[in-house]
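The chain contents come next:
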Amino acid sequence: MSRDLVIKDLHISVQEKPIIKGLNLTVKQGEIHALMGPNGSGKSTLANGLMGHPLYDVDSGEVIFNGTDILELEPNERAKLGLFLAFQYPTAIPGVSLANFLRLAVSAVRTKETNGSGDDGLIPMREFRRELREKMKQLGIDDSFARRYLNDGFSGGEKKRAEILQLAMLEPQIAILDETDSGLDIDAIRVVGESVSQLIGPELGVLIITHYPRLLDYIRPQFVHILLDGTIVESGGWELAQMLEAEGYDPIREKHGVVEA
Amino acid sequence: MANSETNTIEELGINKEYEYGFHDDVKPTFKSRKGLDEEVINQMCDIKGEPDWMREYRLNAYRIFKQKPMTKWGGDLSQLDFDDIYYYVKASDRSERSWDDVPDDIKKTFDRLGIPEAERKFLAGVGAQYDSEVVYHNIVEELDKIGVVFLDTDTALKEHPDLVKKYFGTIIPSADNQFAALNSAVWSGGSFVYVPPGVKVEYPLQAYFRINSENMGQFERTLIIADEGSQVHYVEGCTAPTYSSESLHSAVVEIVCMKGSRVRYTTIQNWANNVYNLVTKRAFAYEDAQMEWVDGNLGSKLTMKYPSVYMMEPGARGDILSIAFASKGQHQDAGAKVYHCAPHTTSQITSKSISKDGGRSSYRGWVDVAKGAKGCKSHVVCDALILDKDSRSDTYPVIEIGENDTNIEHEARVSKIGEEQLFYLMSRGLSEEEASTMIINGFIEPLVKELPMEYAVEMNRLIQLQMEGSVG
Ligand SMILES: Nc1ncnc2c1ncn2[C@@H]1O[C@H](COP(=O)(O)OP(=O)(O)OP(=O)(O)O)[C@@H](O)[C@H]1O
Ligand SMILES: [Mg+2]
């Protein structure tokens, strides 16, 4: 079955204000797409809307994932279908340890065949611990983070790494990374970039939202899209990202007659 | 959960109803008639074979009780009918030291509640009270040998009359409040603990309180004396069947923490939702002594309970941690009181409450610093979590300061379960119910991690039961 994410003429508004205005995009399993666009153009709105955030209202359009229209589904059902969002601003959950949370999450989203869960529906503790420790090591996350409260008091960079750790543990088919590189130091960008590119394969498609080409040096996208005022105005290859880096958004704004907000 | 990562909420059992709501058909060996007068009290004294001073004490307290007007503050007590209560129900003739000797039908109840099993696992001693009388009491031999006393209070009155007489009612006098007066008049059962100087009791002593009869009043009386430099942790749990009419639980707990001692008193109250739970708990802490109350209130119709610590001498410390969970039809009026009667004393109050499905929780606190009590510190934190718009949370803090040289901080926060938090967890595959349960367990985690492991597990499980079916 195709695990592609197909977005058709999508309109999303926030507090009655239209933000995404007729967006079309298809991300296939195994493909890497980059989505770029100026601040406030609607990138995070798209990401949140796709994941089912209650504050983001989908006014019209279709989002087909895994063969079903997911717009009526709860966020957890979308996650179970294999959709993942690494947040631009991850939320802290005080009192809940990263490990306890992740064990429940992994047990919830991985399919029965792959999580080997016991009668309690949970992935066995030892197996989980081993896997968690291994993946934390890969991402350069200290062991002590397993016991720390989820995102609570994490530095900006630590939060972003924890998001990628969750991506690695949850094994989705389509992942959206919303500015995972912002707030990371140069070494951390490399670690995250390399980890994500290791995860990428025929099983995983990604939509990377970013402002900087640095992350894309590690995860080279096949497709680059430019979002301007709620719609994708240009799609192309790597050269589009390079052009942006050199010239900024002005030429594109001009071309599409969009005034700066 | 800090105690063990292995116990996530998912692993713990699932049961939708109030699971302790069953009742067993145990024929009492004696049951007083409904209502209270001097004759009923005299009857109790006769059956118990009490000394004259206690009879006088009770009768005096009864006269005080009769004069006191109905308590008007706190919760709604207008439905509480003192004439419709059985004040003394004796289910068994003796308090047994061997589990095998406990009458079978009563044993069955406690087996269902998992009490003897708990004892084998992790406790230094166990007491079990069924309606008015303690039916089982045991302490490990080693502690018995070095002079630790852990008895039901009736037996203690017989075996250690001087010790009981010396302290009984000195921390909480009969006239303290309406319910202390009532308890002093009709008290029965409860635990008596004495820890000799320098003795540190490593494992908790546990008492289990069960109301089985309908319209029952349970009035246990607990007295703990921690002698100089000693240490003890006492834990109590409470349940009752769900009847159509109300029961009353009105305990008095008095604690003496002598110089350098350390006492921790932990309660997990999970009464059925038609029990009035009106309890007076107070400790006196002397030089460098430390008293900690850890108080979890999940059940009952109305709870009014404000554990207090009087810091009597320099260096004394009082810590009070409380969690209240108020669900449909419940009012948890809980809080804490600290009295800094001596210089250089320290207190910390941490209160966490959760209100849902129209439940109401209130924090009622009192911080008092006496004139001349220089260099005292008090820190109060109240966090309230409200799960829906029908539910309610209030705080009623009072701070009385008679001394300038003090440092008092009070923080209060009211929060709703954040939409962002719910969305974050749900985007990782958790259902709404799992997500909110996880957020709530996280909210109370700072307190739960102070509980003995088994109680921490129990606490999280009870929260999960409260949450089940409540979302969506
Ligand atoms: N939760 C929200 N509440 C109010 N307004 C919002 C919310 N989310 C987005 N918006 C508004 O929608 C518009 C698009 O915001 P969005 O976060 O999607 O931009 P973005 O492209 O991700 O920008 P950036 O590059 O700065 O992250 C902005 O005007 C923003 O203020
Ligand atoms: Mg954004």
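Just so it is clear, the model here is predicted, and its values are computed rather than measured.

Participant: An account of the overall build of chain B is requested, with residue identities and associated values reported.
Facilitator: Within chain B, the secondary structure is distributed over 11 helices and 24 strands. Taking 2.2 N^0.38 as the reference for a compact globule, 472 residues should give roughly 23 Å; the C-alpha atoms of chain B span a radius of gyration of 21 Å, in line with that estimate. The principal-axis extents of the C-alpha atoms in chain B amount to approximately 65 × 55 × 50 Å. Within chain B, the proportion of its 472 residues that are buried is 57%.

Participant: Break down the overall build of chain A for me, with residues and values.
Facilitator: On a plain count of helices and strands, chain A comes out with 10 helices and 10 strands. In summary, chain A has a C-alpha radius of gyration of 18 Å against a globular reference of 18 Å for 261 residues, a match within 12%. Each of the 261 residues in chain A was classed as buried or not, and the buried ones make up 46%. For chain A, long-range pairs separated by at least 24 residues make up 69% of all intrachain contacts whose partners lie at least 6 apart in sequence.

Participant: Which residues make up helix α10 (residues 432–448) of chain B, and what values do they have?
Facilitator: All names here are of chain B. Here α10 contains 17 residues, and its C-alpha end-to-end distance of 22 Å stays within 8% of the 24 Å for a straight helix at 1.5 Å per residue. At glycine 442, α10 shows its strongest bend, of approximately 35°, with the proline proline 446 following within four residues. Burial of α10 is extensive: 14 of the 17 residues sit out of reach of the surface.

Participant: Go over the interface of chain A and chain B with me, naming the residues and quoting the values.
Facilitator: Contacts between chain A and chain B engage 31 residues on the former and 26 residues on the latter. Listed by contribution, the elements that provide at least two residues to the side of chain A that touches chain B are α2 (75–81), α3 (98–109) and α6 (156–170) of chain A.

Participant: Now, about the sheet that holds strand β4 (residues 56–65) of chain A: what can you tell me, with residues and values included?
Facilitator: All names here are of chain A. One open sheet accounts for four strands, arranged β2-β1-β4-β5; its pairing is antiparallel. Edge strands, defined here as strands with exactly one partner in the open sheet, are β2 (17–27) and β5 (68–69). As paired elements, strand β1 (residues 5–14) and β4 share eight bridges and run antiparallel to each other. When the bridges of β4 are listed, histidine 11 appears paired with serine 60.

Participant: Explain the packing of α10 of chain B against helix α11 (residues 453–467) of chain B residue by residue, including any values.
Facilitator: All names here are of chain B. As a packed pair, α10 and α11 sit with axes 10 Å apart at the nearest point and diverge in direction by 145°. In this structure, α10 meets α11 at a crossing whose hand is right-handed. Counted together, Glu433, Ser436, Thr437, Ile440, Asn441 and Val448 of α10 and Ala456, Met459, Asn460, Ile463, Gln464 and Met467 of α11 form the full contact between these two elements. For the contact of α10 with α11, the per-class residue count stands at six nonpolar, five polar and one charged.

Participant: Residue-level account of the sheet that holds strand β7 (residues 205–210) of chain B, with values.
Facilitator: Residue and element names in this part refer to chain B. Pairing is mixed in the open sheet, where 10 strands are placed in the order β4-β3-β7-β10-β13-β15-β18-β20-β22-β24. Looking at which strands have only one partner, the edges of the open sheet turn out to be β4 (133–139) and β24 (406–416). Mean inter-strand twist for the sheet, computed between neighbouring axes without regard to direction, equals 10°. Where α10 meets the sheet, its contacts fall on β18 (317–326), β20 (346–355) and β22 (376–386), and the angle it forms with β20 comes to roughly 160°.

Participant: Residues and numbers for the domain arrangement of chain B, please.
Facilitator: Residue and element names in this part refer to chain B. In terms of domain boundaries, chain B breaks down into domain 1 (1–28 + 434–472) and domain 2 (32–305). Facing 17 residues of domain 1, the contacting portion of domain 2 comprises 25 residues. Of the residues in the side of domain 1 that touches domain 2, the class split is 10 nonpolar, three polar and four charged.

Participant: Break down the environment of valine 258 of chain A for me, with residues and values.
Facilitator: All names here are of chain A. Residue placement: valine 258 occurs in the segment after α10 (250–256). Valine 258 gets classed as partly exposed once you count the C-beta atoms within 10 Å, which come to 17. The contact partners of valine 258, leaving out residues within four places of it in the chain, are Leu228, Asp229 and Arg253.

Participant: Give a detailed account of the confidence of the model for chain B, specifying residues and quantitative values.
Facilitator: The predicted structure's coordinates, where accompanied by low pLDDT, should not be read in detail. All names here are of chain B. Of all residues in chain B, 91% attain a pLDDT of 70 or more, and the chain-wide mean is 87. Predicted confidence for residues 1–16 stays below pLDDT 50, and this span has 41 contacts to residues more than four positions away or in other chains. Here the predicted complex carries an ipTM of 0.95, next to a pTM of 0.78.

Conventions used here
- Residues numbered from 1 in each chain as written.
- Chains lettered and ligands numbered in written order.
- Predicted model: local features only at pLDDT ≥ 70, side-chain atom pairs only at ≥ 80, totals over all residues.
- Helix = DSSP H or I, 4+ residues; strand = E, 2+ residues; numbered from the N terminus.
- Rg over C-alpha atoms; globule rule 2.2 N^0.38 Å.
- Buried ≥ 20, exposed ≤ 12 C-beta atoms within 10 Å, placed from the backbone.
- Contact = placed C-beta atoms within 7 Å.
- Expected span 1.5 Å × (residues − 1).
- Bend = angle between axes of the 7 residues up to and from the residue.
- Pairing = 2+ DSSP bridges.
- Axes fitted to C-alpha atoms, helices over the stretch in contact; angles between N-to-C directions.
- Left-handed = near helix turned anticlockwise from the far one by under 90°.
- Nonpolar A, V, L, I, M, F, W, Y, C, P; charged D, E, K, R; others polar.
- Domains from an automatic or database assignment.
- pLDDT = per-residue confidence, 0-100.

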